[in-house]
Amino acid sequence: MKPNDLPYNYPDASGHFGPYGGSFVSETLVFALDALKEAYEKSKTDPEFQREFHHELKHFVGRPSPIYHARRWSEQLGGAQIYFKREDLNHTGAHKVNNTIGQALLAKRMGKPRVIAETGAGQHGVATATVAARFGMQCVVYMGATDVTRQAANVYRMKLLGAEVVPVHSGSKTLKDALNEAMRDWVTNVEDTFYIIGTVAGPHPYPSMVRDFNSVVGKECLWQMPEIAGRQPDFVLACVGGGSNAMGIFYDYIDKPGVSLVGVEAGGEGLATGHHAASLSAGTPGVLHGNRTYLLQDANGQIIETHSISAGLDYPGVGPEHAWLKDSGRACYVPVNDSEALDAFHTCCRIEGIIPALETSHALAYAAKLAPQLDKDQIILVNLSGRGDKDMHTVAQASGLTL
Ligand SMILES: *Cc1c(COP(=O)(O)O)cnc(C)c1O
């Protein structure tokens with residue numbers, strides 16, 4: 001994307017980001033998506049909705065989240081100054097709640113007393129169960145049976161919050177099977193049910209709606225960076241699973257050509273092994289979850305099982321807007337493998353006193369690679385998407401320990 005293609009104005013009216021996005025759904029859902037589009041468009045200019053959304057972000061989530069100068073790590077690396085946007089300090093420990101609050105408020109407006117979600121690692125399930133409890137809504141979360149076993153603590157959290165967790169036994173019993181089940185539920189119960197999608201994927205208007213709710217992150221950075229660092233960053237980094245924390249911090253920087261945007265994908269055991277979740281670095285375009293985007297698929301269009309040490313990046317697709325930002329050249333995407341992410345995780349704990357999520361650790365690992373190549377007066381801003389308390393078992397296991 002050249003500077004003269006700005007201002008950036010995507011998606012178009014049909015929900016396309018260049019050739020990506022759109023809406024590939026059954027006839028039953030066309031009406032539901034049209035109603036959602038209309039309700040969402042109205043909410044954007046409705047002062048009462050905006051007031052309520054920002055009230056929740058301030059008093060329930062704890063926004064604005066601070067920006068922190070990782071001074072010791074920057075000094076050790078000997079190059080650019082690294083700053084963290086502290087989404088880990090949000091209620092529930094990550095950026096995901098910014099979006100679930102927004103969608104729950106919309107559900108309330110639309111008179112839908114029941115919300116459903118699908119979840120892989122369980123983080124989006126917890127964020128959805130949290131807001132359902134907050135607003136007194138019935139909540140059903142679909143989760144692959146394998147993930148239910150792997151993520152027992154999050155399943156218990158959801159139950160404590162009053163949600164019903166439905167294990168899905170079809171297919172590989174993981175996220176993509178839970179996705180299909182959630183879609184099926186929505187088609188059946190569309191009258192009284194709102195489907196809360198957890199990342200910038202799904203059919204139009206979900207990718208732009210989830211982006212807009214999360215864009216509070218970048219909007220805060222725009223005024224916080226001059227305050228703490230005297231200017232805007234040279235690089236903005238974020239890990240990319242579906243891409244919602246990345247779009248949240250990228251969006252308001254797209255129109256600033258001097259700021260480079262870098263998404264960091266899960267390189268797993270290395271791209272050459274095939275065991276990874278790097279859809280943009282190694283995938284091809286196709287249709288999944290109601291939109292066209294880059295996917296990890298085989299020659300017959302079958303979705304390939306993905307791998308990452310961080311469950312939250314373990315998704316075979318990516319939001320369609322990232323596909324467009326990649327093709328247009330406005331953002332670039334790089335893979336970081338499991339062991340690099342683990343190294344960055346441990347360094348961040350020891351040097352900065354912050355235990356980051358394993359997802360986030362991918363972005364931190366790339367920051368640690370990039371910083372020494374830059375001057376000391378240059379600035380890298382990393383979206384610290386979440387805290388790592390949930391990852392204790394995984395990290396201990398990787399070090400040969402059991403908790
Ligand atoms: C879920 C999650 C992610 C990945 O999701 P995106 O939609 O790509 O942001 C990243 N970081 C944390 C902490 C998460 O919980």
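The present account deals with the structure reproduced in this document.

## A few points about the side chain of H276
Piece 1. Assignment of secondary structure puts H276 in the loop between β10 (260-268) and α12 (279-282).
Piece 2. A polar contact of 3.1 Å, which involves the side chain of H276, links it to the backbone nitrogen of A278.
Piece 3. Setting aside anything within four residues of it in sequence, one finds H276 in contact with A266, G267, G268, G270, L271, A282, L296, T306 and H307.

## A few points about the site of the ligand
Piece 1. Around the ligand sit 16 residues in total, of which K96, T199, G241, G243 and S244 are the nearest.
Piece 2. In this structure, H95 approaches the ligand through a side-chain N or O atom, which is 3.0 Å from an oxygen atom.
Piece 3. Measuring from an oxygen atom of the ligand, one finds a backbone N or O atom of G241 at 2.8 Å.
Piece 4. Taken by itself the ligand offers 380 Å² of open surface, and the protein chains cover 97% of this.

## As for helix α8 (residues 175-189)
Piece 1. The end-to-end C-alpha separation of α8 is 21 Å, in line with the 21 Å expected for 15 residues at 1.5 Å each.
Piece 2. Among all positions in α8, only L175, D177, A178, L179, A182, M183, D185 and W186 are buried.

## Some words on the side chain of E87
Piece 1. The topology assignment puts E87 in the loop between β4 (81-86) and α4 (96-109).
Piece 2. By relative accessible area, which is 0% here, E87 ends up buried.
Piece 3. A polar contact is formed between the side chain of E87 and the side chain of R63, at a distance of 2.7 Å.

Rules of the game
Residues numbered from 1 in each chain as written. Predicted model: local features only at pLDDT ≥ 70, side-chain atom pairs only at ≥ 80, totals over all residues. Heavy atoms only, no water. Helix = DSSP H or I, 4+ residues; strand = E, 2+ residues; numbered from the N terminus. Polar contact = N/O pair within 3.5 Å; in protein donor to acceptor, adjacent residues only side chain to side chain. Contact = heavy atoms within 4.5 Å. Near = heavy atom within 4 Å. Areas by Shrake-Rupley, 256 points an atom, 1.4 Å probe, with all protein chains shown as cover. Expected span 1.5 Å × (residues − 1). Buried < 20%, exposed > 50% of the residue type's maximum accessible area, 1.4 Å probe, protein only.

By themselves these figures say nothing about function.
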